[in-house]
Structure formats: C-alpha cells, structure tokens
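# Architecture at a glance
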Amino acid sequence: MTDITYLNNQFLIAMPGLFDPHFFHTVTYLCQHNQEGALGIVINRPTGMKLQDIFEQMNIKSDLDWVLNTPIFSGGPVQQERGFVIHSPCQQQWDSSIATAENIMLTSSRDILEAIAQGTGPEHFLIALGYAGWSSGQLEKEITENAWLNTPCGEAILYETPVNLRWNAAASQLGIDINRLTTPAGHG
C-alpha cells in the first residue's frame, strides 16, 4: 500500500495548459484533502460583486465603506449560491467553522458576515461563492496529468497580494516563473 500525502493547507496552481474556464490561471486554496476527495476555494477569480451586494441580499447592515467594497470571489463551480469565508482565527466562535490550518479557518455561517459588517470580525478574510471539489483520487490523477502544481499556502498571497498577481506569486514560491512554462505539444 502506498502512503498518500494529502495537500491540506496548500495552494493548487493551475498549469498554463489547463484550459478549463473554471480553473484557467487560478490559484485554489485546498481546505480539505483526504481519501474521500478534496475541497478548495479559488482565491484569484473576483466575481465583480462586492460584499455590499451580499449584505443587501441577506439584509445585513453596515456603514463601513472598506467592508462594503470588499470583493467577492468565485470559489469554484460547485454550489455557487453558497458562501465561504477563509479567515484568520479570532476570539469569537462561529456557528459553522473548521480550522484548515493553525492560522486559517473556513466558515460558512451568517454570524461571521454580521461581525464583519460591524468591523468586529477576523482581521484577515476572503469571501467566495462556491467551491471546487474533487472526488476520491480525482485530484491525484489530475496532478499526475500535469494539470496542477502545489505549494504550501502563503498567507500573504491569500490575503494581501493583489488578485491579478496571485497566480504568479504562488508559483514563485516554488522558484518557478510560471509564464516560462510551456504546455506539452503532441507530436504523434
């Protein structure tokens, strides 16, 4: 039996040849990876929506401009109506929250949005609609097919790096200029 290394708390970096429109040039934060499959949130695909749009739909009030203008990301093609918050830990406990790493949590309950609206939520956060999911063995197969690179999560990339630079920044953690990689050519 082979020992499998799970990629929890890693970034999945789409290889340049991955042309699936859901994942082209994306960086996905892997929240959970085990024998049953994997769940990740794409962190560099803004939807064009702002948190103000979500608050209006959920009837949450806020007068904090920096909060209202927070971008909402497309976390992946699965359950795009469901919201997820990747965030730094804080003193407050949330209704539906799991630790994905020592310094990173994933929460999907309304209470965290209410706290963010009041400025009492976590210091760092990223909000996404939907997620990326892989069935048992699917992600491992895609990695062997050269669809993804992986590297440990860098919190600066997750929360602070400008969105348009995250794909390159994640790859540079591996010492790779991803723009110099070429897609394999088929010569029969």
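For the structure, see preceding data.
All figures in this text were calculated on a predicted structure; none of them were measured in a lab.

### Observations regarding the pattern of salt bridges
Tallied over the full model, the rule gives three salt bridges. Across the pair Lys141 and Glu145 runs a salt bridge whose closest N-O atoms are separated by 2.6 Å. Measuring nitrogen to oxygen at the nearest pair gives 3.5 Å for the salt bridge that ties Arg180 to Asp177. For Arg180, a relative accessible area of 69% puts it in the exposed group.

### Describing the packing of helix 1 (residues 51-58) against helix 3 (residues 110-118)
In contact at an axis separation of 12 Å, helix 1 and helix 3 are set at 120° when each is read in the N-to-C sense. Relative to helix 3, the element helix 1 is oriented oblique. The handedness of the crossing between helix 1 and helix 3 is left-handed. Contacts between helix 1 and helix 3 involve Leu51, Ile54, Phe55 and Met58 from the former and Arg110, Leu113, Ile116 and Ala117 from the latter. Of the residues contributing to the contact of helix 1 with helix 3, the split by class is seven nonpolar, no polar and one charged.

### Some points on the nonpolar core
Ranked by internal contacts, the top residues of the largest apolar core, which has 41 residues, are Phe11, Tyr29, Ile43, Ile86, Trp148 and Leu158. Looking at this core element by element, the count peaks at five residues for strand 9 (residues 125-135). In contact with Leu158, other than residues within four places in its own chain, are Phe11, Tyr29, Ile43, Ile86, Ile104, Leu126, Cys153 and Arg166. With 17 residues, the next largest nonpolar core counts Phe55, Val67, Leu113 and Phe125 among its residues.

### Here's the deal with unusual backbone geometry
The backbone of Gln79 shows a phi angle near 45°, a positive value even though the residue is not glycine. Here Gln79 shows up in strand 6 (residues 78-87). Its identity is not glycine, yet Asn146 carries a phi of approximately 70°, on the positive side. On the secondary structure map, Asn146 appears in the loop between helix 4 (138-144) and strand 10 (148-152).

### Observations regarding the pairing of strand 5 (residues 71-74)
Strand direction decides the pairing type here: strand 4 (residues 46-50) and strand 5, joined by two bridges, are antiparallel. From the neighbouring strand, Lys50 faces strand 5, where its bridge partner is Pro71.

### Quick look at the packing of aromatic side chains
With the rule as written, the count across this model stands at seven aromatic pairs. Taking the centre distance of 5.9 Å and the plane angle of 20° together, the rings of Phe19 and Phe24 count as stacked. Taking relative accessible area as the criterion, Phe19 reaches 59% and is therefore assigned exposed. A relative accessible area of 34% means that Phe24 is categorised as partly exposed. Ring plane angle 45° and centroid distance 6.4 Å describe the contact between Trp66 and Phe125, whose orientation is recorded as tilted. On the criterion of sequence distance, the pair formed by Trp66 in helix 2 (residues 65-68) and Phe125 in strand 9 is long-range, its members being 59 residues apart.

### A few points about helix 1
By the burial criterion, the buried members of helix 1 are Leu51, Ile54 and Phe55. With its buried residues spanning 100° around the axis, helix 1 presents them on a single face. Of the residues in helix 1, the exposed ones pointing more than 90 degrees away from the buried face are Glu56 and Gln57. Where helix 1 is buried, its residues meet strand 4, helix 2, strand 5, helix 3 and strand 9. Directly beyond the C-terminal end of helix 1, a positive phi value near 55° is found at Asn59.

Scoring rules and cut-offs
Residues numbered from 1 in each chain as written. Predicted model: local features only at pLDDT ≥ 70, side-chain atom pairs only at ≥ 80, totals over all residues. Heavy atoms only, no water. Salt bridge = Lys/Arg side-chain N within 4 Å of Asp/Glu carboxyl O. Buried < 20%, exposed > 50% of the residue type's maximum accessible area, 1.4 Å probe, protein only. Axes fitted to C-alpha atoms, helices over the stretch in contact; angles between N-to-C directions. Helix = DSSP H or I, 4+ residues; strand = E, 2+ residues; numbered from the N terminus. Parallel < 35°, antiparallel > 145°, perpendicular 65-115°, else oblique. Left-handed = near helix turned anticlockwise from the far one by under 90°. Contact = heavy atoms within 4.5 Å. Nonpolar A, V, L, I, M, F, W, Y, C, P; charged D, E, K, R; others polar. Core = buried A, V, L, I, M, F, W, Y, C linked by side-chain atoms within 4.5 Å. Pairing = 2+ DSSP bridges. Phe/Tyr/Trp six-rings, centres within 6.5 Å; stacked < 30°, edge-to-face > 60°. Arc of directions from axis to C-beta.

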